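Architecture at a glance
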Amino acid sequence: MKRFVYIITDRNRKNLHVGMCTDLLKTIKFYSEMPTLFFDSAQQLNRLVYFEEINTEEQAMERFKQVSTYTRPQKEKMIRAVNTDWVDLTIGLNYESGVKTRPSAFYGRPSIQPSRRLVTF
């Protein structure tokens, strides 16, 4: 069974969290459903910036232990090698798996209604 070693961060790139899982999309969904599990709401981990797909559990555990001991500059160097702009990789995973999502810019969009003016005489 394939395993994933990943790094997830908040919108300000202040925290870098290293994790390991078998289903990356399910894990990312868990982070979004439990925003204050590890940190407060301002430091919500919601941006997948790095992941590796590993074939065996033993190799994945070794890699997880190795990446977990890295210093922040080492992790940043590893992320920038594959994701220079630190974009959220979840969008690409959703596209590859066939999950259709709307961009977050549309969620807060108000409905379009004609403006009404109050006319006084």
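Quick note: structure is the one above.
Notes on the structure in this doc start here. Everything quoted here is computed from the prediction, not taken from an experiment.

To continue, consider the overall build of the chain. In terms of helices and strands, the chain carries four helices and three strands. Sequence-ordered secondary structure for the chain, helices as α and strands as β, is β-β-α-β-α-α-α. Considering the chain as a whole, with its 121 residues, one finds that 29% of them fall into the buried category. Partitioning the contacts of the chain with sequence separation of at least 6, the portion at a separation of at least 24 is 65%. Here the chain displays about 9,100 Å² of accessible surface, and carbon together with sulfur accounts for 53% of that area.

Before going further, it helps to spend a moment on the environment of Thr84. Along the chain, Thr84 falls in the loop between helix 3 (72-82) and helix 4 (90-97). Given the relative accessible area of 57%, Thr84 is considered exposed. Through-space distance from the C-alpha of Thr84 to that of Val49 is 9.5 Å; in sequence the pair is 35 residues apart.

Take unusual backbone geometry next. Its identity as a non-glycine residue notwithstanding, Arg13 has a phi of 60°, on the positive side. Within the secondary structure, Arg13 sits in the loop between strand 1 (3-9) and strand 2 (16-21).

The next thing to look at is the nonpolar core. If you look at the biggest cluster of nonpolar residues, it comprises twelve residues: Val5, Ile7, Leu16, Val18, Val49, Tyr50, Ile54, Ala60, Val67, Met78, Ile79 and Trp86. Among the elements of the structure, strand 1, strand 2, strand 3 (47-54), helix 2 (57-68) and helix 3 are those that each provide at least two residues to this core. Ranked by residues supplied to this core, first place goes to strand 3 with three residues. Discounting chain neighbours no more than four positions away, the residues touching Ile79 are Ile7, Leu16, Val49, Tyr50, Thr84 and Trp86.

The next thing to look at is the sheet that holds strand 1. Strand order in the open sheet made by the three strands is 2-1-3, with antiparallel pairing throughout. Edge strands, defined here as strands with exactly one partner in the open sheet, are strand 2 and strand 3. With direction set aside, neighbouring strand axes in the sheet form an average angle of 20°. Direction of pairing for strand 1 relative to strand 3: antiparallel, over a ladder of seven bridges. Each residue of the ladder has a partner; that of Phe4, found in strand 3, is Glu53. The sheet contacts of helix 2 involve strand 1, strand 2 and strand 3, and relative to strand 2 the element is tilted by about 170°.

Procedures and definitions
Residues numbered from 1 in each chain as written. Predicted model: local features only at pLDDT ≥ 70, side-chain atom pairs only at ≥ 80, totals over all residues. Heavy atoms only, no water. Helix = DSSP H or I, 4+ residues; strand = E, 2+ residues; numbered from the N terminus. Buried < 20%, exposed > 50% of the residue type's maximum accessible area, 1.4 Å probe, protein only. Contact = heavy atoms within 4.5 Å. Areas by Shrake-Rupley, 256 points an atom, 1.4 Å probe, with all protein chains shown as cover. Core = buried A, V, L, I, M, F, W, Y, C linked by side-chain atoms within 4.5 Å. Pairing = 2+ DSSP bridges. Axes fitted to C-alpha atoms, helices over the stretch in contact; angles between N-to-C directions.

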